[in-house]
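# Structural overview
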Amino acid sequence: MPASPLKSIKRWFARLPSVEVSEAGGVRSLHLGGDAIQSSIRLDDPDQLELHYTRAMMTFLLFAPAPRDVLMVGLGGGSIARFVHRKLRPTRFTAVEINPKVVSVSRQYFGLPENDERLNVVVADGAEYVPEHPESADVFMHDAFEDGETVTALCTQKFFDACAATLRPNGVFVMNFMTDEPKFQAYVDRISRAFDDRTLVLPSADRINRIVFAFKTPLTKLPLEPMKRDAEMLEKKLGLPLVKSLKDMLRYNSHTAAYLRLTV
């Protein structure tokens, strides 16, 4: 006889990775299924982004400084969700997280607010949720890991195509990779196909992660002067190292004195 729905749910829940919290040097961290750090906050300054890669992901602000809606797959400890909720009014933020234990821990130990008119944390499989929400976001953030490993089900060509369809015109896609990801180039090639080769790569300041940006609107280059002005203004306002991020983006991508070329 087929298993009852309740037993099936229990088996699915049991397969989810363990969720653990550690503290060291005034920093609290989240771990999923192993020792790899998924998210961190500094206890005496919890509203700032602690990890280099999270600050690098926020470089999307140079391309979309005032998004109406941000959609993120992979919540972690909720540091980015919390940062956007506190610092980027009136931006709305939706986070899709498959593991309900992660949501509970992020609220109990990492200060993630309860859902309100600007924050919506959804317990769902991103592979199912994203295709059902076309043109619903101005920024799409992809940060789904399990013990430091990329979730391969969220790196298929079909899924990246759905990510592109989820963005509105002028939308920006942002994805976090570990620097030692063995399939990095294959995944970037898929992102490039989904976004017609409109991509950039930014290493995080500690070089542990690489962030890939992709762009919905047909264009081949981005003017530098407006981005330089935005980087200086937003760095003062938000405390993010956007001036350095822009310099690193120039170092690692094709450019001239006037603009960035969109390719990797």
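To keep things clear, this report deals only with the structure shown in the data block. (Residues numbered from 1 in each chain as written. Predicted model: local features only at pLDDT ≥ 70, side-chain atom pairs only at ≥ 80, totals over all residues. Heavy atoms only, no water.)

### A look at the sheet that holds strand S11 (residues 199-203)
Strands sit in the order S6-S5-S4-S7-S10-S12-S11 across an open sheet of seven strands; the sheet is mixed. The open sheet has two free edges, formed respectively by strand S6 (119-123) and S11, since each of these has just one partner strand. On average, adjacent strands in this sheet sit at an angle of 15 degrees to one another, irrespective of strand direction. Two elements, strand S5 (residues 92-97) and S6, share five bridges in a ladder whose sense is parallel. When the bridges of S6 are listed, threonine 94 appears paired with asparagine 120. Against the sheet, helix H4 (residues 100-109) engages S5 and S6, with an angle of about 145 degrees to S6. (Pairing = 2+ DSSP bridges. Helix = DSSP H or I, 4+ residues; strand = E, 2+ residues; numbered from the N terminus. Axes fitted to C-alpha atoms, helices over the stretch in contact; angles between N-to-C directions. Contact = heavy atoms within 4.5 Å.)

### Examining the packing of aromatic side chains
Applying the stated criterion to the full structure yields seven aromatic pairs. Taking 5.7 Å as the distance between ring centres and 65 degrees as the angle between the ring planes, the aromatic pair formed by phenylalanine 63 and phenylalanine 213 counts as edge-to-face. Here phenylalanine 63 is found in the loop between helix H2 (52-57) and strand S4 (69-73), whereas its partner phenylalanine 213 is found in strand S12 (residues 209-215), with 150 residues between them in sequence. A single burial state applies to phenylalanine 63 and to phenylalanine 213, both of which are buried. (Phe/Tyr/Trp six-rings, centres within 6.5 Å; stacked < 30°, edge-to-face > 60°. Buried < 20%, exposed > 50% of the residue type's maximum accessible area, 1.4 Å probe, protein only.)

### Quick notes on the packing of helix H6 (residues 157-166) against helix H7 (residues 184-194)
Interaxial distance between H6 and H7 falls to 9 Å at its minimum, and their mutual angle equals 40 degrees. Regarding the angle of H6 to H7, the classification is oblique. With respect to the hand of their crossing, H6 and H7 are arranged in right-handed fashion. On H7, the residues touching Gln157, Phe160, Asp161 and Ala164 of H6 are Tyr187, Arg190, Ile191, Arg193 and Ala194. In the contact of H6 with H7, the residues fall into five nonpolar, one polar and three charged. (Parallel < 35°, antiparallel > 145°, perpendicular 65-115°, else oblique. Left-handed = near helix turned anticlockwise from the far one by under 90°. Nonpolar A, V, L, I, M, F, W, Y, C, P; charged D, E, K, R; others polar.)

### Section: the pairing of S12
Here S12 lies mainly inside the structure; six of its seven residues are buried. Taken together, the seven bridges between strand S10 (residues 167-178) and S12 define a ladder with antiparallel strand orientation. Counterpart to valine 174 in the pairing with S12 is phenylalanine 213.

### A word on empty space enclosed by the protein
This model, assessed by the stated rule, comprises one cavity of 30 Å³ or more. Its boundaries defined by the atoms lining it, the largest cavity holds a volume of some 80 Å³. Surrounding the largest cavity, 14 residues form its lining, Met72, Leu75, Ser79, Ile80 and Asp143 being those nearest its centre. The set of elements that each furnish at least two residues to the lining of the largest cavity consists of strand S3 (37-42), H2 and helix H3 (79-87). Looking at the lining of the largest cavity, its residues break down into five nonpolar, eight polar and one charged. (1 Å grid on protein atoms, 1.4 Å probe; cavity = no way out; pocket = protein on both sides within 12 Å on 5 of 7 lines; lining within 4 Å. Points joined across faces, edges and corners; volume = space filled by probe spheres on them.)

### Quick word on the layout of surface pockets
If a probe the size of a water molecule is rolled over the atoms, the empty space left behind becomes visible. Volume-wise, the second largest pocket comes out at about 180 Å³. Along the wall of the second largest pocket there are 14 residues; nearest its centre are Leu62, Phe63, Phe215, Leu219 and Leu222.

### Thoughts on the side chain of serine 204
Looking at where serine 204 falls in the secondary structure, it is placed in the loop between S11 and S12. For serine 204, a relative accessible area of 0% corresponds to the buried category. In terms of polar contacts, serine 204 uses its side chain to reach the side chain of aspartate 206, at 2.6 Å. Ignoring any residue separated from it by four or fewer positions in sequence, one finds serine 204 in contact with His52, Tyr53, Ala56 and Asn209. (Polar contact = N/O pair within 3.5 Å; in protein donor to acceptor, adjacent residues only side chain to side chain.)

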